[in-house]
Amino acid sequence: MLKVARERELIRLCQEFVRLPSTSGNERQMASFVRDTMISMGFSRADVDPYGNVTGSVVLGEGGKCLLFESQMDHVDVVDPFEWDLYPFGGFKKNGRIYGRGATDQKGSLAAMICAASFLGEDGPKDCIGKVVVAATVHQERAEGASSRLVDMNHRPDFVVSGEASALNIERGQRGRAEIVLETVGKTAHSAQPDLGVNAAGHMVSLIFFINEHFRPVSDPFLGEGILELTNLVTSPEKATGVIPARCRAVFDRRLVIGETRDTVLGQIEEIISNSSSRIPGLRATAMICPAMERCYTGARIEGEHFVPGWLLDEDHPFLLKSLEGLKSAGLEPRVADTAGFGTNGCYYGGVRGIPTIIFGPSLQDLAHITDEYIEIDQLLKGCRGYYGIARSVLSVGK
């Protein structure tokens, strides 16, 4: 399905995507280009929802199922472009690679998805019915899975493929994630007279040691451990000198396994805090799931909490088996990974909604977010063939 002209079109599209900076909340130009591209490449329709997600549909026949391909438009920022050997938004082609921020995460897979859906529509296989929807989503880097809610509401997919880099293998699950905020409250005083105050930072340090001593992660044979890791610590007042801090705030990243809920995750921490009071006299501490509020480039606000459940698709699920068949028919040699994938919007589809979901994408996870990020052109082309094969297999009548 990838003739020379089609290969060139895919490579060019990936380069063009990389040349458009699109950090979270600043995807407007990228979204406009994606929508125009979908229309010019023969999609039945292409729309922008209130969050700014772009979704395009290729209808292969009335009735049938809806297969959703989803990749993010946003990317992490470039801290210092002078650290890069090549300009991070140049989309340069060199040594069989396309270089630039977002090339792996996930503009390469987005280009491959759009081209695969377009080429399948052009080829018009008679034995396929249903539709392929390609979604280019916003704010994945800051609010995992949040913008996918509108994609789901508007299209109600039966199956989902997340385009996170997977080295052209299938990943069938991931740990969930919760951001837990702990706050200790003390009493401010001059640091020269600490006895007149209550040091919230000192209490927090003691509490963190107690948590590290008593937290027991839940374990899953496939997803691994539900770890708890300190990621941020700040006192208030933050920049004052000679002042006993009245408040201290700690943020923990908690990875979740199957069956863990918001209440059980938070309850586990609250129980540890309660038990710590005998060791930390005067402790006043609270725990909560960190609220999420992101402003989209459209002006809309995405609100919620930093909590998404883990998910896992059975290894003998028909969707997974059909996807494997499709990849093999496209000339690839895929395997089903024996470890969980990274954080993706699949946590919404597979975790919250329970929709059969897999992760499949070109390139390596180790190349995401790095200086001089790139995608191998061979991986890009095979990724497009893979998406074509998955759609062809999943939407074929009688399969």
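Structure shown above.
All figures in this text were calculated on a predicted structure; none of them were measured in a lab.

(A) Region of interest: the overall build of the protein chain. Of regular secondary structure, the protein chain possesses nine helices and 20 strands. Computed over its C-alpha atoms, the radius of gyration of the protein chain comes to 23 Å, within 12% of the 21 Å expected for a compact globule of 399 residues. Along the first, second and third principal axes, the C-alpha set of the protein chain runs to 80 × 45 × 35 Å. With an accessible surface of roughly 17,400 Å², the protein chain has 49% of that area assigned to carbon and sulfur atoms. Between the mean site of the 42 positive side-chain charges and the mean site of the 51 negative ones, the protein chain shows a separation of 4 Å.

(B) Representation of helix 1 (residues 4-18) in the model. Taking 1.5 Å of rise per residue, the 15 residues of helix 1 would be expected to cover 21 Å, and the 22 Å separating its terminal C-alpha atoms lies within 8% of that figure. Arg-6, Leu-10, Ile-11, Leu-13, Cys-14, Gln-15, Phe-17 and Val-18 are the residues of helix 1 that are buried. Tucked inside the fold, the buried residues of helix 1 contact helix 2 (28-40), strand 4 (93-94), strand 5 (97-99), helix 3 (103-123), strand 20 (374-376) and helix 9 (377-394).

(C) Seen up close, the pattern of salt bridges. In this structure the tally under the stated criterion is 20 salt bridges. With a closest N to O distance of 3.7 Å, Glu-294 and Arg-142 form a salt bridge. One end of the pair, Glu-294, is in strand 15 (residues 291-295); the other, Arg-142, is in the loop between strand 6 (130-137) and helix 4 (148-155), and 152 residues separate them in sequence. Of the residues examined, Glu-294 reaches a relative accessible area of 15% and is grouped as buried. Relative accessible area serves as the criterion here: at 44%, Arg-142 is assigned to the partly exposed category. Three or more residues are tied together by salt bridges with common partners; here these are Arg-177, Glu-179, Asp-253 and Arg-255.

(D) View of the pairing of strand 2 (residues 54-61). Summarising burial for strand 2: seven of the eight residues are buried, a large majority. If you look at the hairpin formed by strand 1 (residues 45-48) and strand 2, you'll find five residues sitting between the two strands, and Gly-52 has a positive phi there, around 105 degrees. Of the pairings in the sheet, the one linking strand 2 to strand 6 comprises seven bridges and is antiparallel in character. Counted as the bridge partner of Val-59 is Lys-131 from strand 6.

(E) Layout of the sheet that holds strand 6. Taking strand neighbours across the sheet as the criterion, the six strands line up as 1-2-6-3-7-19 in an open arrangement whose pairing is mixed. Each having just a single partner strand, strand 1 and strand 19 (357-359) make up the two edges of the open sheet. Going from strand to strand, the sheet's axes swing by 20 degrees on average, the running direction of each strand aside. Relative to strand 6, strand 3 (residues 65-72) runs parallel, the two sharing eight bridges. By the bridge assignment for strand 6, Phe-69 is matched with Val-134.

(F) Structural detail: the sheet that holds strand 5. Within the open sheet, the three strands sit side by side as 4-5-20. Their pairing is antiparallel. On the outer flanks of this sheet lie strand 4 and strand 20, each paired with one strand and no other. Two elements, strand 5 and strand 20, share three bridges in a ladder whose sense is antiparallel. When the bridges of strand 20 are listed, Arg-97 appears paired with Glu-376. Against the sheet, helix 3 makes contact with strand 5 and strand 20, and its axis sits at roughly 50 degrees relative to strand 20, the strand it touches most.

(G) Molecular detail of the packing of aromatic side chains. For the structure shown, the criterion picks out seven aromatic pairs. Ring centres 5.5 Å apart and planes at 80 degrees place the aromatic pair Tyr-348 and Tyr-349 in the edge-to-face group. Tyr-348 gets classed as buried once you look at its relative accessible area, which sits at 10%. For Tyr-349, a relative accessible area of 1% translates into the label buried. An angle of 85 degrees between the planes, with centres 5.3 Å apart, marks the rings of Phe-360 and Tyr-387 as edge-to-face. In this pair, Phe-360 is assigned in the loop between strand 19 and strand 20 and Tyr-387 in helix 9, connecting sequence segments 27 residues apart. The buried category is assigned to Tyr-387, whose relative accessible area is 0%.

(H) Highlighting the nonpolar core. Counting residues in each nonpolar core, the largest one holds 68 residues, and the members touching the most others are Val-34, Phe-69, Ile-114 and Val-134. The element best represented in this core is helix 3, accounting for eleven residues. Not counting chain neighbours up to four residues away, the residues in contact with Phe-69 comprise Met-113, Val-132, Val-133, Val-134, Ala-135, Val-161, Tyr-387, Ile-390 and Ala-391. Judged by nonpolar contacts, the second largest core, of 26 residues, contains Ala-178, Leu-207, Leu-256 and Ile-272.

(I) Spotlight on unusual backbone geometry. A cis geometry characterises the amide bond from Asp-105 onward to Gln-106, with omega recorded as -5 degrees. Counting through the fold element by element, Gln-106 comes out in helix 3. Here the amide bond leading from Ser-236 into Pro-237 is cis, since omega sits at 0 degrees, within 30 degrees of zero. Among the structural elements, Pro-237 can be located in the loop between strand 12 (228-236) and strand 13 (247-256). The phi angle at Ala-167 is positive, at roughly 60 degrees, despite the residue not being glycine. Relative to the helices and strands, Ala-167 is located in the loop between strand 7 (159-162) and strand 8 (173-174). Phi angles above zero are rare outside glycine, and Leu-168 is one such case at about 70 degrees. Within the secondary structure, Leu-168 is located in the loop between strand 7 and strand 8. For Leu-168, a relative accessible area of 9% translates into the label buried.

Parameters at a glance
- Residues numbered from 1 in each chain as written.
- Predicted model: local features only at pLDDT ≥ 70, side-chain atom pairs only at ≥ 80, totals over all residues.
- Heavy atoms only, no water.
- Helix = DSSP H or I, 4+ residues; strand = E, 2+ residues; numbered from the N terminus.
- Rg over C-alpha atoms; globule rule 2.2 N^0.38 Å.
- Areas by Shrake-Rupley, 256 points an atom, 1.4 Å probe, with all protein chains shown as cover.
- Lys, Arg positive; Asp, Glu negative; His and termini not counted.
- Charge placed at Lys NZ, Arg CZ, Asp CG, Glu CD.
- Expected span 1.5 Å × (residues − 1).
- Buried < 20%, exposed > 50% of the residue type's maximum accessible area, 1.4 Å probe, protein only.
- Contact = heavy atoms within 4.5 Å.
- Salt bridge = Lys/Arg side-chain N within 4 Å of Asp/Glu carboxyl O.
- Pairing = 2+ DSSP bridges.
- Axes fitted to C-alpha atoms, helices over the stretch in contact; angles between N-to-C directions.
- Phe/Tyr/Trp six-rings, centres within 6.5 Å; stacked < 30°, edge-to-face > 60°.
- Core = buried A, V, L, I, M, F, W, Y, C linked by side-chain atoms within 4.5 Å.

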